Amino acid sequence: MGNHAIAAGAIRAGVGVVTGYPGTPSSEILETVVKRNPGDIYAEWSVNEKVALEVAAGAAYAGVRSMVTMKQVGLNVASDPLMSLAYIGVKGGMVVVVADDPGPISSQTEQDTRTFAGYAKLPVFDPVSPGEAFEMIQDAFELSERLGTPVLFRPTTRVCHGYAPIEVGERTREPGAGVFEKGSRWVIFPRLSYANHKAIEERLPVLAEELSSYRFNAVEEVRGGALEHDPARAVTRGIATGGVSYAYAREALSMLGADCRILKVGTPHPFPVDLAERFLRGLDEVLVLEELDPVIERELLMVAAERRIPVTVLGKRSGHTERAGESTVESVAAATAALLGVDAPVVPTCSSAPQPPARPPVLCAGCPHRASFHAVKRAMRGTKAVFSGDIGCYTLGNAAPLEMVDTCLCMGAGVTIAQGLERAEPDATHFAFIGDSTFFHTGIPGVVNAVYNGTDIVLVVLDNSTTAMTGHQTHPGLGRTAQGEVAERIAIAPVLEALGVSHVETCDPLRLEEAEAAVKRAVEAGGVSAVIFESPCIAVTAPGPMHAIDQDLCTDCQVCIQRLGCPAIMRAGGVVSIDTSLCYGCSICAQVCPTGAIGVAR
Amino acid sequence: MSGPGEGVGMNDSPAAVLDRAVHDLIFCGVGGQGIVLASKIVAATALAAGCPVKTAETIGMAQRGGSVTSHVRIGRAAHAPLVPLGSASAIIAFEPAEAVRCLPYLAPGRGAVVVSRRAVPPVTAALTRSEYDGSEMLGYLRECGERVIVVDGDVVCATCGSPKVLNTALLGAAAEAGVLGFSTDEIEATIRRTLPERFVEMNVQALALGAGYTRGDSE
């Protein structure tokens, strides 16, 4: 997996401290560092990305190579320290790995970290494949340490979660201990910021020139669909691309058997301007293939304008490629064929095929969140209530039949959006659902805000004892670190009590009646009140007894289906039944069945 | 490596085939069915045979009971991480509707669809009181003009005593049909090499039963 390759490359380059917060598609990088740790690397799941970046920066201040991992939206959380760190710099090489998610497949936004790199004035690496990611991350450490600046490293989902074989080889450097050398360079003051800003602006064009000969930036010639080193035939059309789009472009040219010049951009910022000029000279038309922002496209337009190269640049701005979403072989082949004036490959169509049923993601059978949402829904039946949600598996509580997530914005926002809604609409009850890991990530300041400003909300903590959505990483509430060591467990209830939450109650959501009563008590308590629903994720606990439906008692009322939407309960041939391969024995269907037809299977 | 990859001549050396041909496979189904493991077994078999391989799969939110597709590309000439439409030698489908959804990936007339008979109804079907049992999907697959092998996963799982062996049964059927790029023996070797010992025998048995569906001697 690309993420394994990034971890292996970082270990080979002598990384000593690795921090991060889980987020698809980045999570396996830090997990792999833990798995492959030769024993002298410190790795932690930090509480959020800002914290992770600062911990890694501290290590790099002392000269230790450090890496921090996150997904693209995590960079928004970490942007405060990153923007300043760009001015302050580092001593040990520091690589900030930010995984982008074109599509998006599992994210709130399609933001482009290459654009962020330009804004933060930092170098960024954009690998094509797992193999290139392995090599490039080592280059990123070298560059970072040589220039004394943090460096961004931006793989996308298909690189992170693509598998390809690589040779790892021996470490080229050991991590070792660091020494923090005191001095004014570590304290950011306006005068220092001015001086450093100037130095960065002076350094970037020099670096851009240097990167024109970087091994993963290249001008390539393709003839008859394959690479050719010294082609006899000249071309007037070219493709500029980078990241995984380069792989799509090569595939398309191979399918078309076409002639074309390619500019492959491995460092979109600072842009390898001289190399780009060499690419553009002699071409009439250039198609830019890249996912998300038109980064390469804008840079090429500037190079063409500054260096007076008469060339037409086609891409997102000209409407030749899509501005949003992920590329496919087909979309790239069609755009390439249009550029070259040839027919696009024929794509098979199955026009007579029946429409397969829609299959949106759902909460797993046995998921305790289903019980929590159902309990709150029952408790608030007939009253005016708004349910703010947050980021995690429980966002899926938005779907029918639960329909218990009215808002979802970003990590930690449920607690605070609920406060704004309460100020605007005080006659409704405002709930905020938040998961355990999200609570530690950015939930706590929101609770402090509600207590301090006296904003009445009902906080519902969905504590399933894991960071489920991203693959079960540890967090401060578990008493275990990323490296598997025992840690002080930070229990959520005492935190809430210490913050001044008026009413804190913990209960098991799988006991529906008790859970419903707990919600009612929290609502009646007023002020900032909280219910903590404690029940582990099915992936981290043993199943309960399998349930079955007694067909003699079942009246086919379908209350179980219509209230819970559990994937294990199905209806075929007029009969409602439970799929034993999916049932996890949570028993809530038995608790909602009005005829007592559901019970433990015999 | 065998199979109907584009441009493969009968007399080409294996190395020449690898340089020119790409053998594409699509694994599809519903999150939690063991799709990723099946693609990993094939990828491990390819690596053991010295073939370069790329795979790409769905991870994250979509895994929770949603449609999951894993792309496997074998051969040096594969550039993109995703399989182009119309180029897969086999669609290995853990569910009939997912087979239909992924059918455009199949190389027309040059591959096979290996599909598990059992339908997995989405929650949305039960909620809207519309019954989905997969029969319409299987009916369409049987008439679409492509080679289709239907595996009765329930029978295989019951025989082998585990609900988790559907993936190896489908691999067995595809290998026997000659569209996987590897033989059942090669897949069996990977199973023995990579799976924990307590799962090996049940998976080897499922592999053989799956192959029987292709030969027509499993029912």
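Residues numbered from 1 in each chain as written. Chains lettered and ligands numbered in written order. Predicted model: local features only at pLDDT ≥ 70, side-chain atom pairs only at ≥ 80, totals over all residues. Heavy atoms only, no water.

Could you give an account of the sheet that holds strand 7 (residues 162-163) of chain A, with specific residues and numbers?
What the seven strands build is an open sheet, ordered 7(A)-2(B)-3(B)-1(B)-4(B)-5(B)-6(B); its pairing is mixed. A single partner strand is all that each edge strand has here, and the edge strands are strand 7 of chain A together with strand 6 (147-151) of chain B. Relative to strand 3 (residues 67-74) of chain B, strand 2 (residues 53-57) of chain B is paired through five bridges, and the arrangement is antiparallel. Bridging across to strand 3 of chain B, Val53(B) finds its partner in Ile74(B). (Pairing = 2+ DSSP bridges. Helix = DSSP H or I, 4+ residues; strand = E, 2+ residues; numbered from the N terminus.)

Could you give an account of the pairing of strand 21 (residues 575-578) of chain A, with specific residues and numbers?
All names here are of chain A. Only one face of strand 21 is buried: it carries Val576 and Ile578, and the other face, with Val575 and Ser577, is open. Pairing of strand 20 (residues 569-572) with strand 21, which is carried by four bridges, proceeds in the antiparallel orientation. What sits directly across from methionine 570, in strand 21, is serine 577. Between the end of strand 20 and the start of strand 21, which pair antiparallel, lie two residues, with glycine 573 showing a positive phi angle near 60°. (Buried < 20%, exposed > 50% of the residue type's maximum accessible area, 1.4 Å probe, protein only.)

Talk me through the interface of chain B and chain A; I want residue IDs and the actual numbers.
On the side of chain A, 56 residues touch chain B, which itself brings 49 residues to the contact. Taking both sides of the interface into account, the surface hidden between chain B and chain A amounts to around 4,400 Å²; carbon and sulfur atoms contribute 63%. There are five salt bridges connecting chain B and chain A. For Arg359(A), the salt bridge identified is with Glu95(B), shortest N-O distance 3.1 Å. The tally of links from chain B across to chain A stands at 16 residue pairs in polar contact (both at pLDDT 80 or more). Of all elements in the fold, only helix 2 (35-48), strand 2, strand 3, helix 3 (96-102), helix 4 (123-127) and helix 5 (135-143) of chain B reach the threshold of two or more residues within the side of chain B that touches chain A. Here the side of chain B that touches chain A takes five residues from strand 2 of chain B, the largest share from any one element. Counted by class, the side of chain B that touches chain A contains 29 nonpolar, eight polar and 12 charged residues. Here two bridges tie strand 7 of chain A to strand 2 of chain B, and the two strands are oriented antiparallel to one another. Across the sheet, the residue bridging to Tyr163(A) is Thr55(B), located in strand 2 of chain B. (Contact = heavy atoms within 4.5 Å. Buried area = accessible area lost by both parts, 1.4 Å probe. Salt bridge = Lys/Arg side-chain N within 4 Å of Asp/Glu carboxyl O. Polar contact = N/O pair within 3.5 Å; in protein donor to acceptor, adjacent residues only side chain to side chain. Nonpolar A, V, L, I, M, F, W, Y, C, P; charged D, E, K, R; others polar.)

Before we move on, could you go through the packing of aromatic side chains and cite the residues and values that matter?
Residues and elements named next belong to chain A. In total, this model carries 10 aromatic pairs over all chains according to the counting rule given. An angle of 45° between the planes, with centres 5.7 Å apart, marks the rings of phenylalanine 180 and tryptophan 186 as tilted. Judged by relative accessible area, which is 42%, phenylalanine 180 ranks as partly exposed. We classify tryptophan 186 as buried; its relative accessible area is 11%. Among the aromatic residues, those joined into a ring-pair cluster are Phe373, Phe387, Phe431 and Phe433. When the ring centre of tyrosine 246 is taken as reference, the NZ or CZ atom of lysine 264 above it lies at 5.5 Å. (Phe/Tyr/Trp six-rings, centres within 6.5 Å; stacked < 30°, edge-to-face > 60°. Lys NZ or Arg CZ within 6 Å of the ring centre and 35° of its normal.)

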